[in-house]
Amino acid sequence: MTELARLVVEGVALGGAYGLVALGFVVIAKATGVVNFAQGTFLALGAYLTYNGAVTWGLWFPLAAALAVAASAGAGAGLERLVVRRLAARPPHAAIMATIGVAVAGDQVITMVWGFDHHPIGDPWGASSLRLGGVSVATVDVAVLAVTVVVVAAGAVFFARSRLGLAMRARAADGELAVACGIPVHAVDALAWALGAGLAALAGVLLAAGTATARPDLGLAALRAFPAVILAGFASVPGALVGGLVVGLVEVLTAGYAPVHAPWLGVNVHQVAPYAVMLVVLWLRPAGLFTASPARRW
Amino acid sequence: MSAAVLEVEGLVVDYGGVRALDGVDLTVAPGEVVGLIGPNGAGKTTLLDGVCGLVRGHGGRVVVAGEDVTGLAPHRAAARGVARSFQRTSLVADLDVMANLLLGRHRHLGAGFLDGLLGRRRLRDEEDRHRARCVAVAEHVGVGGYLAVPARVLPFGVRKRVELARALAAEPRLLLLDEPTAGLAPEEADAVVAIVRDVAGGGGPAVVVVDHDLRVVAGMTDRVVALDHGRVVATGPAAAVAAHPALASTYLGPTLPGGGPRGAREPAPGEGPP
Amino acid sequence: MGPGAPTPGGRGRRRAAWAAGGLAYLALPLVVDDYWLSVLVVAGITAVAAVGLNLLTGYCGQVSLGHAFFVGAGAYVAAVVGSTAGLPLALWLPAATAVGAALGAATGPFALRFSGHLLAVVTLAVLFAGQHVFRNWTWLTGGGAGRSDLPIASLGPFDLSALVVAGHRLSFDQGYFWLVWAVVVVVVAASANLVRSRMGRAMVAVREDDRVAAVLGIDVARTKVTAFALAGALAALAGALHGSYRQYVGPEEWDLLASIEYLAVVLVGGLGTVGGPVAGALFLGAVPHLVAGVSGALPFVARGAEPGVTVGQLDRLSFGVVIVAFVLAEPRGLVALGHRLRARLAARPRTRPRPGPPAWPPGCHDGGRAGDRQGRLRPSGPARAGGDA
């Protein structure tokens, strides 16, 4: 029972990180209609830059993390400005291929700069654990959850109350109308990409914290957030978070229980499980779980 | 059963809370040209969508040439001989006009994909016959000189006519035209009217045409059906329907051939129709 | 002669091109060394898979990130049918193709519900699920270690890996070159036929707008599933050849990066063109070797155990950059680049005037590059009207 509780906490924490990545996808997709296949690169960048800041330069960890996130956000805005904006009129495969190209090149640059070693990122949580309600949970999991909740709450306030948040929602809802209302759509788009990349970077920091490390395959975690986004239906913000949670839980619980109870599912089935769940859900509800069914078509 | 080309009975279409069509009945006989008028949002395009299968009704039936196509995929209605032109032209930009016209004849060509792969000579001969038909249609519509031009670069007036030609190339039983003259200069609009009348007369397809230009509607159609808020509010010859009181409240004063500017004032008391 | 029939000059030029191609096909393996020959063999195999992906994504507009799965499946089928069952090439090659078609047809229905980015992610799921199966069905696939018992290609008495011609024993690469490029020619010819046919037009119509396509009478479901089946079939065909050539198949090579490579080949070559897949395969196949050749001169490249960037990293980096560069600058790929160069050359004063493209009637605006949506067709000179450029 305590094992289950520990796994649940771990799954929820992982889900929180995935939720942040998924949220990043959704923010970008809502604003510019592009699926950013380079999210993984921003995720890795966040972790590696934090390693640089906290370990190599000895900065205070939260500061290092914040700088890393800010730098990634800047890179995201730059990507929008230099690449994405030019592809606005093209069919979807153009943006897909462009962001994939950026991801391939970006991941290479990361290994060229930081090499293939695994680097602990200097977070204060390490391998320590807390006792919550009689269950021993990893401190990092609690921290990840806390950060996720804070970020999501801040985001909710931002989107609901601030002018910029309103501008972004207007842009996402109807780009042409937003322009007509005088909203600086280009600036909003750049901001959306900055937010999306920043969220991915933050997730990268969280995923590399604790007993994990900044490592070359960290970026692949973003791919596992895809099912989260799809499950939610691309346009839904709360959906992205719930989707992330579902994916995190599915992954951790599968990793914990499948090898013992269902070995026939194969080794490392937990990496595939979120995708399998996604396929099943999509088959039943093509629009995802959080968007209303589209008008009946043939 | 009757020989009607199209029978729509009690068609109901909802768009997420908005009832676009509220029990519409429409019957079209072979060779008849029926106009569909009404204010924006009345459901005219939705009715066309419902007939050709793009939208599934939530009630009612659509029967084309005796076959019930209610709720079936659009290619089934097309197989029964329905051809449609769209308000915003729907040509494939990357193909040239000839290829677009051949697409209109899709149901007439028998080749499967395996035949396509093998490039069989018999197939090529068959295609040549269809190409010849397309050339004839193109020339009839007046776009014969554009056959090798990619659709992407066509000027607007030519595009609209190619859109019409594509529908005609299908040799349909039922031709659905959605604002075929919108955006055209008066002479071009008149040319379209002449083409449609010419095609429909003498054993040609039945036609349902949606248009806002009442002059065009009057010139092209045998009778007119007026829709408002998803319901049929009047039906009859163009002149009578246009003057129908139910429409006057939703339409600005309609105009008849020889009358004043479009959308002009209503006749003053004591004045007869212009 | 109807409008747009080939002119006598054009036909003569085409015959000359075919003759030159045939000569090159026969002579290249005898002239080129094994290193570059193997580059050409791999490029040819990639081209076959790319033709399939081009039909699916370029012509029919269905984005697929799962292509590598079908290629890998073909290689495993070749191992099972060719080695485990010991059947000849005439059976294992078609078997792989058929299995690929079936797998593709099974994936096709997803395209009925999703399109664009969503479809891309769904096909990604298929890829990952496939890789999982490759890793875990050890009894069939050899699991993580893969299989090294791939069949050697032999046609009847001729063992293609060790042909003997006029007393000389030819190399593995030489024999395989002829096999692979013969397959390439057949596949490209078939695809050229297909895109000019009714089905080809239907696919393009579905790409443009599948609702309009349905109204035109096209069975959109069947078209999409057929496109997926074709892509799967050609991918598996390429996979079988790949496995046989490499004499190995393993699960790790059929990952997302492999799918991306096929997409890049199609994109760089020219999405939605007949020659694009081959041009892209040759170009991207040659680039790593050119990078390796050039890297010797670059200061920051590591040699041996020195610090610095490895050639492999440089190669991957340039791969990513090439993709982005082509998407931004030349979205219609190498084929369009070739057309532009030819047009540029044709604009230079010539002693003998050559017939140019037929003049369009007045009023047509050449969209050129600006506002060019799919960026594919140009009216090629004296070509038959009613087809693809």
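Residues numbered from 1 in each chain as written. Chains lettered and ligands numbered in written order. Predicted model: local features only at pLDDT ≥ 70, side-chain atom pairs only at ≥ 80, totals over all residues. Heavy atoms only, no water.

*Asks:* I keep staring at the overall build of chain C and nothing clicks. Help me out?
*Replies:* Scanning chain C from terminus to terminus reveals 15 helices and four strands. If you sum the accessible surface of chain C, you get close to 16,200 Å²; carbon and sulfur atoms cover 66% of it. (Helix = DSSP H or I, 4+ residues; strand = E, 2+ residues; numbered from the N terminus. Areas by Shrake-Rupley, 256 points an atom, 1.4 Å probe, with all protein chains shown as cover.)

*Asks:* Please explain the pattern of salt bridges as it appears in this structure.
*Replies:* Oppositely charged side chains are able to pair whenever their charged atoms sit close together. Residue and element names in this part refer to chain B. In this structure the tally under the stated criterion is 29 salt bridges over all chains. A salt bridge links Arg61 to Glu9, with the nearest nitrogen and oxygen atoms 3.6 Å apart. Of this pair, Arg61 sits in strand 4 (residues 59-64) while Glu9 sits in strand 1 (residues 6-15); the two residues are 52 residues apart in sequence, bridging distant segments of the chain. Classification of Arg61 by relative accessible area gives partly exposed; the value is 37%. (Salt bridge = Lys/Arg side-chain N within 4 Å of Asp/Glu carboxyl O. Buried < 20%, exposed > 50% of the residue type's maximum accessible area, 1.4 Å probe, protein only.)

*Asks:* Explanation requested: helix 12 (residues 256-270) of chain C in the structure shown.
*Replies:* All names here are of chain C. Helix length check: helix 12, at 15 residues, gives a terminal C-alpha distance of 21 Å against a target of 21 Å (1.5 Å per residue), a fit within 8%. Judged by how many residues are buried, helix 12 sits mostly within the fold: 14 of 15 residues are covered. Two residues or fewer past helix 12, Gly272 is found with a positive phi of approximately 75°. (Expected span 1.5 Å × (residues − 1).)

*Asks:* Can you walk me through the side chain of Asp178(B) in this structure?
*Replies:* Residues and elements named next belong to chain B. For Asp178, the position within the fold is in strand 7 (residues 174-178). Reaching out from Asp178, the side chain makes a polar contact with the side chain of Thr45 at a distance of 3.2 Å. Contacts of Asp178, omitting those with residues within four sequence positions, involve Thr45, Leu48, Arg84, Ser85, Phe86, Gln87 and Val210. (Polar contact = N/O pair within 3.5 Å; in protein donor to acceptor, adjacent residues only side chain to side chain. Contact = heavy atoms within 4.5 Å.)

*Asks:* Explain the interface of chain A and chain C to me, please; I cannot follow it from the model alone.
*Replies:* The accessible area lost on association of the parts is a frequent measure of interface size. Opposite the 46 residues of chain A that make contact, chain C presents 45 residues. A combined buried area of about 3,800 Å² lies between chain A and chain C, and 78% of that area is made up of carbon and sulfur atoms. When residues of chain A are sorted by the area they lose upon contact with chain C, Met97(A), Met112(A) and Trp283(A) head the list and together hold 16% of the total. For the interface between chain A and chain C, the tally reads zero salt bridges. Put simply, chain A and chain C have four residue pairs in polar contact (both at pLDDT 80 or more) between them. Of all the secondary-structure elements, those providing two or more residues to the side of chain A that touches chain C are helix 4 (92-114), helix 9 (220-232) and helix 11 (269-284) of chain A. At 15 residues, the largest contribution of residues to the side of chain A that touches chain C is made by helix 4 of chain A. (Buried area = accessible area lost by both parts, 1.4 Å probe.)

*Asks:* I keep staring at the interface of chain C and chain B and nothing clicks. Help me out?
*Replies:* Listed by partner, the interface residues are 40 residues for chain C and 44 residues for chain B. Buried surface at the junction of chain C and chain B, both sides included, amounts to about 3,700 Å², of which 63% is carbon and sulfur. Where chain C meets chain B, there are two salt bridges. Here Asp94(B) makes a salt bridge to Arg207(C), at a shortest N to O gap of 2.7 Å. Put simply, the parts of the chain that give the side of chain C that touches chain B at least two residues each are helix 8 (172-196), helix 9 (198-208), helix 10 (210-215) and helix 11 (220-246) of chain C. With eight residues, the top contributor of residues to the side of chain C that touches chain B is helix 9 of chain C. Residue composition of the side of chain C that touches chain B, grouped by class: 19 nonpolar, 10 polar and 11 charged. (Nonpolar A, V, L, I, M, F, W, Y, C, P; charged D, E, K, R; others polar.)

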